[in-house]
Amino acid sequence: MRFVGKVLGVFFLVFIIYVVFSGSVSAYDLITGVLVALATSVITANLVISNPSKLIQVWRLGWLLIYSIRYFFVDEVRAHLDVMRRILHPKMPINPGIVKVPYEVVSDYAMLTIANSITNTPGTVVVDVFPEEKAFYVHWINAVATESAEARKHVSEVFERFAKRIFD
Amino acid sequence: MRIKKLLVLGSLILLVLTFSLAFARGALGYYPLPLPRVRMLASWYLYTTLNPQYTNFTAMSPVAVAAIVWDYRGLDTLFETAVFFLAVVGALTLMRGVTLKSVLNNANNKDNNYGLSLISKTAARLLTPLIIAVSASIALHGHLTHGGGFQGGSAAAVAPLLVLVIFSVYFLLSRGISEKPMFMLWTAGLLGIYLTTLAAVFIGLLTGLNAYVFQNQPKFDAPVGLPAQISGTLISGSLFFLNIFEYLAVAGEFTLVFILLSMPEEVVKSFISGETYE
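These remarks concern the structure in this document. (Residues numbered from 1 in each chain as written. Chains lettered and ligands numbered in written order. Predicted model: local features only at pLDDT ≥ 70, side-chain atom pairs only at ≥ 80, totals over all residues. Heavy atoms only, no water.)

Helices and strands together make up the secondary structure of chain B, namely 11 helices and 2 strands. Its helices and strands taken in sequence order, chain B reads α-α-α-α-α-α-α-α-α-β-β-α-α from the N to the C terminus. Radius of gyration (C-alpha) of chain B: 25 Å, far over the 19 Å computed for a compact globule of 278 residues. Summarising its shape, the C-alpha atoms of chain B cover approximately 70 × 65 × 40 Å along the three principal directions. For chain B, the proportion of its 278 residues judged to be buried stands at 40%. When the accessible surface of chain B is summed, it comes to about 15900 Å², and 70% of that surface belongs to carbon and sulfur atoms. For chain B, the separation between the mean place of its 16 positive charges and that of its 12 negative charges on side chains is 13 Å. (Helix = DSSP H or I, 4+ residues; strand = E, 2+ residues; numbered from the N terminus. Rg over C-alpha atoms; globule rule 2.2 N^0.38 Å. Buried < 20%, exposed > 50% of the residue type's maximum accessible area, 1.4 Å probe, protein only. Areas by Shrake-Rupley, 256 points an atom, 1.4 Å probe, with all protein chains shown as cover. Lys, Arg positive; Asp, Glu negative; His and termini not counted. Charge placed at Lys NZ, Arg CZ, Asp CG, Glu CD.)

Structure follows, in C-alpha cells:
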C-alpha cells in the first residue's frame, strides 16, 4: 500500500512533466505519457518518495504555490537589486565571508528547498551542508553577521519557515 | 603576461579579419555560406517527407531529418548502430569477468560512505524520474519533432550517470541498475530494431505480396508497408518503432559503459591479472 502511494506520487509528477515537455495534449501524448509515467514511477518510487502520506495533504501544495510566488517576485527581486547596487556602486561595498547557518527542518526535501533558495538568490551561495550539525556553510557577499543565529535571520529564516510548511 | 594577452587578442582579430576578407573576395568558393534558397535535393526531401499523394516516395513523417535517418538513408543508420554495437562489445570484452559483486558485499561500501553532499543527493533523487520523462518524450516524438531514439536514449542515460556520480557506483548497482539488466535492455532494443526492419518482409510472406527489407511505406511494386497512422494518430510506420527500440538500446548501452568506466582500477586489475574470479 505504501509502495502504491509512492508510485502514484511519482506517476503524477512524471506525467505532468512529460505532457508539459511534449507541449501537446493529443491522445498520443496522453497514452504514451501514462505508459512512460507508469514505468518510470515503478522504477524510481523508492528513490524519490519516502513518506507518501504527505502527498494527500494538499495544503502543502498551497504553501508551495504561495512560496513560489513570494520567492520569485519578492525575495529574488530584492536580492538582485541589492547585488546590482553593489556592482554598480563606484566603491563596490562588499564584505564577503563564509558563515555558518543552522537549520531545523527534518526532511531532506525541506533542507534542499532552503539550500537551493539560498544559492539561487544572488549574493549567497551554499558551500556545503553538514547534516550531523544541521548547518549550512554559506558564502555571503555582505556578511553583516558572523554569529550563526543572527546570520540565519538574514540569510534563510523566510525560506526555512516555508520549507517547513511545505515538506516537514 | 600582458604581452601574451595582447598577442592572443591581436591574433584573434587578425583571424576574424582574414576570414572576413576571404569570404568577401570569394576565396573559399563562390558559396562558402549556405545558399539563401533551398537546394534541389533538400527541396525534394521536404516535398516528399509527408506527402500522402506521393505514396511511392513519402516517409509519412513531418520531420525530414528523422525520415532521412530512418527511411531514405535507413541502412546507413542501421550500420551506425552496428558500429556502436561493436565498439561496446569491444569494451565488454576488455572487461570480461570483471564484477563489483565481491566489493558490493563489503559493508564499507554501503550507501552513505560515498558521493557528494546531501543537497546534491536529494536533488538527484527528484531529478532522476524527470530526466527519464523528458528523454522518453524526446524518443517518442522523434517522428513528429526534432529528437529521436538516439537523442532520447543518450538523455535517458544521464539519469543513471547522475546517480553514479552523485551517489556511487555501489548505490546504482545495489538498486538493480547493474550490468546484466542493462545488457538485456540493450539486446532487447537491438532485437526490436532487427525485427522492425524485417516487419514488412514478414507481412509480405504472410500475405504473399512483394516486400523489401527495411521497407516503411508501401511502394509501387511492394504494396505492403507499415501503417502511417493508428486511428488518426501519425506514427510514421517504422519510424515510431525504430525510435523506441533505438532509445532502449542506446540507454542500456550508455549505462553499461558508464558502469564499466566507474569500476575502481584495483578491482579491474585484480580480475584481469587473474587474482580474483567469480
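Now that the structure has been shown, the text picks up again.
The subject of this paragraph is the pairing of strand E2 (residues 124-130) of chain A. Residue and element names in this part refer to chain A. As defined by bridge partners, E2 adjoins strand E3 (residues 135-140) across 6 bridges and the pair is classed as antiparallel. Within the sheet, the bridge partner assigned to Phe130 lies in E3 and is Ala135. Count of turn residues in the E2/E3 antiparallel hairpin: 4 residues, of which Lys134 carries a positive phi of about 50 degrees. (Pairing = 2+ DSSP bridges.)

This part covers the interface of chain A and chain B. The parts lose accessible area when they come together, and the size of an interface is often stated as this lost area. Each partner contributes residues to the interface: chain A has 27 residues there, and chain B has 24 residues. Here chain A meets chain B over a buried area of about 2300 Å², counting both sides, of which 79% is carbon and sulfur. It is Phe21, Tyr28 and Leu47 of chain A that lose the most area in chain A upon contact with chain B, and together they represent 29% of the buried surface on that side. For Arg125 of chain B, the salt bridge goes to Asp108 of chain A, with nearest N and O atoms at 3.3 Å. Counting every contact that joins chain A to chain B gives 5 residue pairs in polar contact (both at pLDDT 80 or more). (Contact = heavy atoms within 4.5 Å. Buried area = accessible area lost by both parts, 1.4 Å probe. Salt bridge = Lys/Arg side-chain N within 4 Å of Asp/Glu carboxyl O. Polar contact = N/O pair within 3.5 Å; in protein donor to acceptor, adjacent residues only side chain to side chain.)

Attention shifts here to the nonpolar core. Judged by nonpolar contacts, the single largest core of 46 residues is most densely connected at Ile114, Ile118, Phe136 and Val138 of chain A together with Ile119 of chain B. Per element, the largest residue contribution to this core is 7 residues, and it comes from helix H4 (residues 108-120) of chain A. When residues are assigned to domains, this core turns out to be shared by domain 1 (2-56) and domain 2 (59-167) of chain A, each giving three or more. Once you skip the residues sitting within four places of it in the chain, Ile119 of chain B turns out to touch Met111, Leu112, Ala115, Asn116, Val126, Val129 and Phe136 of chain A. (Core = buried A, V, L, I, M, F, W, Y, C linked by side-chain atoms within 4.5 Å. Domains from an automatic or database assignment.)

This brings us to the packing of aromatic side chains. In this description, a pair of aromatic rings is defined by centroid distance and the angle of the planes. The full count for this structure, using the stated rule, is 25 aromatic pairs over all chains. With centroids separated by 5.5 Å and ring planes inclined at 85 degrees, the aromatic side chains of Phe11 of chain A and Phe12 of chain A adopt a geometry described as edge-to-face. By relative accessible area, Phe12 of chain A is classed as partly exposed at 47%. Ring geometry for Tyr114 of chain B versus Tyr170 of chain B: centroids 5.3 Å apart, planes at 45 degrees, classification tilted. You can see Tyr114 of chain B sitting in the loop between helix H5 (101-105) and helix H6 (118-140) and its partner Tyr170 of chain B sitting in helix H8 (residues 169-174), a full 56 residues away along the chain. The partly exposed category is assigned to Tyr114 of chain B, whose relative accessible area is 34%. Connected via pairs of aromatic rings, a cluster forms that spans Trp63, Tyr67, Tyr71, Phe72, Phe159 and Phe162 of chain A. Geometry around Trp63 of chain A places Arg165 of chain A over its ring, the cationic atom sitting 4.4 Å from the centre. Over the ring of Phe171 of chain B we find Arg175 of chain B, and its NZ or CZ is 4.0 Å from the ring centre. (Phe/Tyr/Trp six-rings, centres within 6.5 Å; stacked < 30°, edge-to-face > 60°. Lys NZ or Arg CZ within 6 Å of the ring centre and 35° of its normal.)

Quick look at the packing of helix H4 (residues 74-94) of chain B against helix H10 (residues 238-261) of chain B now. All names here are of chain B. Contact geometry of H4 with H10 gives a least axis separation of 11 Å together with a crossing angle of 25 degrees. In this view, H4 runs roughly parallel relative to H10, as classed from their interaxial angle. In this structure, the crossing between H4 and H10 has a hand that is left-handed. Together, Thr81, Phe84, Phe85, Val88, Ala91 and Leu92 of H4 and Glu246, Glu253, Phe254, Leu256, Val257 and Leu260 of H10 make up the contact between the two elements. Of the residues that constitute the contact of H4 with H10, the class distribution is 9 nonpolar, 1 polar and 2 charged. (Axes fitted to C-alpha atoms, helices over the stretch in contact; angles between N-to-C directions. Parallel < 35°, antiparallel > 145°, perpendicular 65-115°, else oblique. Left-handed = near helix turned anticlockwise from the far one by under 90°. Nonpolar A, V, L, I, M, F, W, Y, C, P; charged D, E, K, R; others polar.)

Residue and element names in this part refer to chain A. Overall, the coordinates contain 8 salt bridges over all chains when judged by the stated rule. The salt bridge involving Arg86 is made with Asp82; its shortest N-O contact spans 3.0 Å. With a gap of 4 residues between them, Arg86 and Asp82 both fall in helix H3 (residues 59-88), about one helical turn apart. Take Arg86: its relative accessible area is 8%, and that puts it in the buried class. Exposure remark for Asp82: the relative accessible area of 27% places this residue in the partly exposed category. Close ionic contact of Arg152 with Glu160 constitutes a salt bridge, the shortest N to O distance being 3.4 Å. In this structure Glu160 comes out as buried when scored by relative accessible area, which is 5%. Ionic contacts of the salt-bridge type, sharing partners, join the residues Asp82, Arg85 and Arg86 into one network.

Moving on: helix H2 (residues 27-48) of chain A. Of all the bends found along H2 of chain A, the most pronounced is centred on Val42 of chain A and spans about 45 degrees. All of the buried residues in H2 of chain A are Tyr28, Asp29, Thr32, Gly33, Val36, Ala37, Thr40, Ser41, Thr44, Ala45, Leu47 and Val48 of chain A. For H2 of chain A, the elements touching its buried residues are helix H1 (2-22) and H4 of chain A together with H6, H8, strand E2 (233-234) and H10 of chain B. (Bend = angle between axes of the 7 residues up to and from the residue.)

In short, the description is geometric, and any link to function would need to be established separately.
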